[in-house]
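Understanding the architecture of this molecule
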Amino acid sequence: MLRVLALDFATLGGSALRTSATHARPFTSSTQHNTRKLQVAVVGPPNAGKSTLFNRFLRGGPHGFRRVKSEKRKHNRSRSGGAGRAIVSDVAGTTRDRRECVGGIGDIEFKLFDTAGVDDDVMGMVDSGGRFREPNTNRKAETVREEIVLRGMAEQTLAAVDLADVILFLFDGKALVEGGSPHEVVDMGRWLRKNQSRGGGDGRVVMCANKLEGDAWAQMGGNDYALDEIEKLGFGEPIMISAEHGDGMADLASVLLEVQEMIKEEEGWLDHGEEDEEEPPISVAILGRQNVGKSTLLNRIIDENRVITGSVAGLTRDAIAVDFESETSRYSIVDTAGIRKAGRREADGDIIEDDSVREAMRAMKLAHVCILVLEGEMLQLTKQELSIADHVIREGRALIVVANKSDTLKGSPTEYAMGVKAQLDHMVPHVGDVIVVATSALHGEGVENVLPVVEQVYHKWNTRIQTAALNQWLKEIQDSKPPPSVNGRRSKMKFIVQPKARPPTFRIFANVSEKDMPENYIRYLRNEMRKSFGMEGMAIRIGVTNTNTKNPYAKKRATADERRYKRRGSVR
């Protein structure tokens, strides 16, 4: 039975499961125990190699981040590695949102921020008083879109700078060696200085001249004028590095170690070995088409303008993971780019979008629970959304549906839910009953109902059912509707076990094989199990083992015995 969750949320026990965004908070356990990590932000002008350095620092963390080799593509140099890597491209402005994850170099582990490239347009979105300029909605749509993106880039970059203990100010050293002007770097340095003078963080700024493999600065004659102008900023002499090839990482490590030891002594950090072990967070991926409100939903859930939002489609590019804690659970919530059909992506010729979709699908595969966000005013799922739901279930993830923009619904949420249910039953029958939450992320209506549903579905998806309860259920099912006979022989299910969860997987032992058990009966068992144990919105995998099968190796052993007797010259 499909359940619709509107604002009263009565079907899940009302206030007992209610989690309001105003009562939720970012992760605080590490700071409470005084074991926080060093925080490092990578900032700089566009195309300075910030995301390449970010990817080099990446380490395995709670989101499953791994470094993998980059892959070259036919028509451009856009590269996207394993899950959690930043999308890297020669196109300026590829990175927009602030990315966070666990980074490291040598024995030093830290919280890492990747940021958007800062140019004159981005800096121009902050006035002399440190206030962000509002986009001019009276201009052309494309201009409004650009201003929304620029303001978001400025907000997220300064947020990372304010949080960081160390700010790695990256710039293109190769361009300066070849005679380029340092004015872009100098202007951004003054911008950072002005931000700090307004109380915007007190992190140590480390200048890094990137793209200088080997001793390129000395070999190519250097650029003393540029170096002098940069040193006048007061941030010290730049460190020569190559993020692509790993040159200069030892020098960076020594600086980070120096800052870490200084802060550790001032704040009394504990060693990482003294940290309390905690359960890993519930990993959640927010999926859907473009412009359905995924980023707005994330911002409402965490009660913070964490990712760029706007009325135009395609603002999100990277998969942005945010650690978050409610009153009852810890979460790692990943906002993803809108997923469009491959044909439409090809027609538009956006060289970044394919990488964005690939990152969204990786986030789905790594998640425990996936939230499929729909546009309520459409009153039904599109083929693309059905395809996303199908991928989630086939991958073995748990699924809930958020009907966003419920304030625009012409009919009632119940009518909308019935339409969703009918389509899922017809197009993706193996999805089963899915919980639908009606929200308006823009106005904050119903958003407090989302995380309790995520938590409930996660625990069902992650739970093992007692074998005694399973076999009692199997006996009742067999008594009420036994399996059909096979070749005139009565089929009998003897017992059932659950070898694994995530997703729930069961093995039935019977006197028939899996291929002889009709698929419609397996589907019946799956539906009955879903009703009996409340496993809505997740794949249930059921296999059948024939216990009457003779040992397949018995004949082979006999043949080996005959050969042994024959070699000995004995007659058996």
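Residues numbered from 1 in each chain as written. Predicted model: local features only at pLDDT ≥ 70, side-chain atom pairs only at ≥ 80, totals over all residues. Heavy atoms only, no water.

**Observations concerning the overall build of the protein chain**
Counting secondary structure elements, the protein chain contains 18 helices and 16 strands. In the protein chain, which comprises 572 residues, the proportion classed as buried is 52%. Residue pairs at least 24 apart in sequence account for 74% of intrachain contacts in the protein chain once pairs closer than 6 positions are excluded. When the accessible area of the protein chain is evaluated, it comes to approximately 27,200 Å², of which 47% is carbon and sulfur surface. (Helix = DSSP H or I, 4+ residues; strand = E, 2+ residues; numbered from the N terminus. Buried < 20%, exposed > 50% of the residue type's maximum accessible area, 1.4 Å probe, protein only. Contact = heavy atoms within 4.5 Å. Areas by Shrake-Rupley, 256 points an atom, 1.4 Å probe, with all protein chains shown as cover.)

**Considering the layout of surface pockets**
Any empty space left between the atoms is revealed when a probe the size of a water molecule rolls over them. Looking at the second largest pocket, its volume works out to about 840 Å³. Together, 38 residues line the second largest pocket, and T296, I308, T309, G310 and S311 are the ones closest to its centre. For the lining of the second largest pocket, the per-class residue count stands at eleven nonpolar, 18 polar and nine charged. (1 Å grid on protein atoms, 1.4 Å probe; cavity = no way out; pocket = protein on both sides within 12 Å on 5 of 7 lines; lining within 4 Å. Points joined across faces, edges and corners; volume = space filled by probe spheres on them. Nonpolar A, V, L, I, M, F, W, Y, C, P; charged D, E, K, R; others polar.)

**Quick word on helix α6 (residues 183-197)**
Its 15 residues place the ends of α6 21 Å apart at the C-alpha level, agreeing with the 21 Å of an ideal helix rising 1.5 Å per residue. When α6 is considered as a whole, its buried residues turn out to be V185, V186, M188, G189, W191, L192, N195 and Q196. Positioned one or two residues after α6, G199 has a phi angle of 90 degrees, which is positive. (Expected span 1.5 Å × (residues − 1).)

**Concerning the sheet that holds strand β15 (residues 505-510)**
Spatial strand order, β14-β15-β16: three strands in an open sheet with mixed pairing. Edge strands, defined here as strands with exactly one partner in the open sheet, are β14 (493-500) and β16 (541-546). Recorded for the sheet is a direction-independent mean angle of 25 degrees between the axes of neighbouring strands. Sheet topology note: the β14/β15 ladder contains five bridges and is antiparallel. Bridge pairing in β15 links I496 to I508. Each of β14 and β15 is contacted by helix α16 (residues 467-480), which is oriented at about 140 degrees to β14, the strand it contacts most. Strands in contact with helix α17 (residues 519-533) are β14, β15 and β16; relative to β16, the strand with the most contacts, it is inclined by about 130 degrees. (Pairing = 2+ DSSP bridges. Axes fitted to C-alpha atoms, helices over the stretch in contact; angles between N-to-C directions.)

**Some words on the confidence of the model for the protein chain**
Residue-level pLDDT values for the protein chain average 79, and 78% of them are 70 or greater. Between residues 60-83, whose pLDDT stays under 50, and residues either more than four places distant or in other chains, the model counts 60 contacts. (pLDDT = per-residue confidence, 0-100.)

**Comments concerning the side chain of S326**
Among the structural elements, S326 can be located in the loop between β9 (320-325) and β10 (330-335). For S326, a relative accessible area of 1% corresponds to the buried category. From its side chain, S326 meets the backbone nitrogen of T328 in a polar contact 3.2 Å long. (Polar contact = N/O pair within 3.5 Å; in protein donor to acceptor, adjacent residues only side chain to side chain.)

**Side note on the nonpolar core**
Judged by nonpolar contacts, the single largest core of 55 residues is most densely connected at I371 and L525. When residues in this core are grouped by element, the largest group, seven residues, is from helix α15 (residues 450-461). Setting aside residues no more than four positions away along its own chain, I371 makes contact with V284, A285, I286, L287, L297, I400, V402, V450 and V454. Judged by nonpolar contacts, the second largest core, of 39 residues, contains A116, V177, V186 and I230. (Core = buried A, V, L, I, M, F, W, Y, C linked by side-chain atoms within 4.5 Å.)

**Re the sheet that holds strand β6 (residues 204-210)**
The strand order β3-β4-β2-β5-β6-β7 describes an open sheet built from six strands, whose pairing is mixed. Among the strands making up the open sheet, the edge pair consists of β3 (99-105) and β7 (239-240). By the bridge criterion, two bridges tie β6 to β7 in an arrangement that is parallel. Looking at β7, one finds that C208 is bridged to I239. Docked against the sheet, helix α2 (residues 50-57) engages β2 (38-43), β3, β4 (108-114) and β5 (166-172), running at close to 150 degrees with respect to β4. Contacts from α6 reach β2, β5 and β6 within the one sheet, and its direction differs from that of β5 by about 165 degrees.

**Some points on the packing of aromatic side chains**
The full count for this structure, using the stated rule, is five aromatic pairs. Ring centres of F495 and F509 lie 4.6 Å apart, and the angle between their planes is 15 degrees; this geometry places the pair in the stacked category. Here the residue F495 occupies a position in strand β14, and F509 occupies one in strand β15, the gap between them amounting to 14 residues. What makes F495 partly exposed here is its relative accessible area of 36%. (Phe/Tyr/Trp six-rings, centres within 6.5 Å; stacked < 30°, edge-to-face > 60°.)

**So, the pattern of salt bridges**
A side chain of one charge can pair with a side chain of the opposite charge when the charged atoms of the two come close. Taken as a whole and judged by the stated rule, the model has 23 salt bridges. Here R131 makes a salt bridge to D127, at a shortest N to O gap of 3.4 Å. The class for R131 is exposed, based on a relative accessible area of 55%. With a closest N to O distance of 2.9 Å, E359 and R362 form a salt bridge. With E359 and R362 both in helix α12 (residues 353-366) and three residues apart, this pair spans about one turn of that helix. By relative accessible area, E359 is classed as buried at 2%. Among the charged side chains, a network of salt bridges with common partners joins R98, E100, K111, E304 and R306. (Salt bridge = Lys/Arg side-chain N within 4 Å of Asp/Glu carboxyl O.)

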